[in-house]
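Residue-level structural notes
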Amino acid sequence: MDVLSLLSSARLVPVVVLDDAADADALAGALVAGGLPVAEVTFRTSAAADSIRAMSARGDILVGAGTVLTVAQVDQAVAAGASFVVSPGLSRAVVERCQDKGVLALPGAVTATEVQAALELGITTVKFFPAGTSGGAAAIKALAAPFGDVRFVPTGGVGPKNLAEYLAIPTVAAVGGSWMVPRNLVKSGDFADIQALTAEAVAMVRTLLA
Ligand code: 3PG
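Residues numbered from 1 in each chain as written. Predicted model: local features only at pLDDT ≥ 70, side-chain atom pairs only at ≥ 80, totals over all residues.

What about the packing of helix H2 (residues 24–33) against helix H3 (residues 48–58)?
Where H2 contacts H3, the two axes come as close as 8 Å, and the packing angle between them is 50°. Judged by the angle between their axes, H2 and H3 are oblique. Between H2 and H3 lies a crossing of right-handed hand. Residue-level contacts link Ala 24, Asp 25 and Ala 28 of H2 to Ser 51, Ala 54, Met 55 and Arg 58 of H3. Within the contact of H2 with H3, the residues separate by chemical class into four nonpolar, one polar and two charged. (Axes fitted to C-alpha atoms, helices over the stretch in contact; angles between N-to-C directions. Helix = DSSP H or I, 4+ residues; strand = E, 2+ residues; numbered from the N terminus. Parallel < 35°, antiparallel > 145°, perpendicular 65-115°, else oblique. Left-handed = near helix turned anticlockwise from the far one by under 90°. Contact = placed C-beta atoms within 7 Å. Nonpolar A, V, L, I, M, F, W, Y, C, P; charged D, E, K, R; others polar.)

Structure representation (structure tokens):
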């Protein structure tokens, strides 16, 4: 399966902030044990590249990079083993570097103009970020009319309370969020709690899709 198909079948993309790469392996273990072998490791900390390296070395989890703002970060992410690259917005330079490197780019796009710009770059799946303040599920539904072939990954303000409304939209490929991996629990090493939150999220998705 290609990376996009794997993300679409997982339906959830946990957005991770790691302050210490030493926690990466245990965090990956908690996600895998919780039934969600996917992680978007954000370049919001200097631990990102080492964390991606540690996670992808396990071989049992699909690891991507998040909050990728520069071409240099694309290079670091790919060198560390990232299989996909997520950005909050649409950067031509970042997308083209991903395409050169052969990794899936998931740039952010929330307006018709941004979606058209993504399409011009050959991108048909975009991150819809920040979902909650960009019109939410209603906006994605409205964009589906002119952009029937575009798939969205709403992220930002998504959680157990509104997961259902996003997953019900046919053009939503997957939903991203940090609710199953709270930064404070990662910092305090409460990986059993993270596993439990992850398992709850996975169970919720199963119920919603049943
Ligand atoms: C992201 O970068 O995707 C967001 O920070 C995740 O948003 P959330 O914390 O509201 O889930």
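Section: the site of the ligand
Near the ligand the following residues occur: Val 15, Gly 66, Thr 67, Phe 129, Thr 155, Gly 156, Gly 157, Val 158, Gly 176, Gly 177, Ser 178 and Trp 179. Partitioned by chemical class, the residues of the shell around the ligand number four nonpolar, eight polar and no charged. (Near = placed C-beta within 6 Å.)

Remarks on unusual backbone geometry
The residue after Phe 129, namely Pro 130, is reached through a cis peptide bond having omega -10°. By the element assignment, Pro 130 lies in the loop between strand S6 (125–128) and helix H7 (136–144). In this model, Arg 11 sits at a positive phi of 70°, which is unusual for a non-glycine residue. Mapped onto the elements of the fold, Arg 11 is located in the loop between helix H1 (3–10) and strand S1 (12–16). Here the phi dihedral of Thr 67 falls at roughly 50°; this positive angle occurs in a residue that is not glycine. Tracing the chain through its elements places Thr 67 in the loop between strand S3 (62–66) and helix H4 (71–80).

Points about helix H10 (residues 191–209)
The α-helix winds at 3.6 residues per turn, so residues separated by three or four positions along the chain end up facing the same way. If you check H10, its first and last C-alpha atoms are 27 Å apart, about what 19 residues at 1.5 Å a residue would give, namely 27 Å. Every buried residue of H10 is listed here: Phe 191, Ile 194, Gln 195, Leu 197, Thr 198, Ala 201 and Val 205. Buried residues of H10, viewed axially, fall in a sector of 165°; they line one side. Among the exposed residues of H10, those oriented more than 90 degrees off its buried face are Ala 192, Ala 203, Arg 206 and Thr 207. Contacts made by the buried residues of H10 are with S1, H2, helix H8 (163–167) and helix H9 (183–188). (Expected span 1.5 Å × (residues − 1). Buried ≥ 20, exposed ≤ 12 C-beta atoms within 10 Å, placed from the backbone. Arc of directions from axis to C-beta.)

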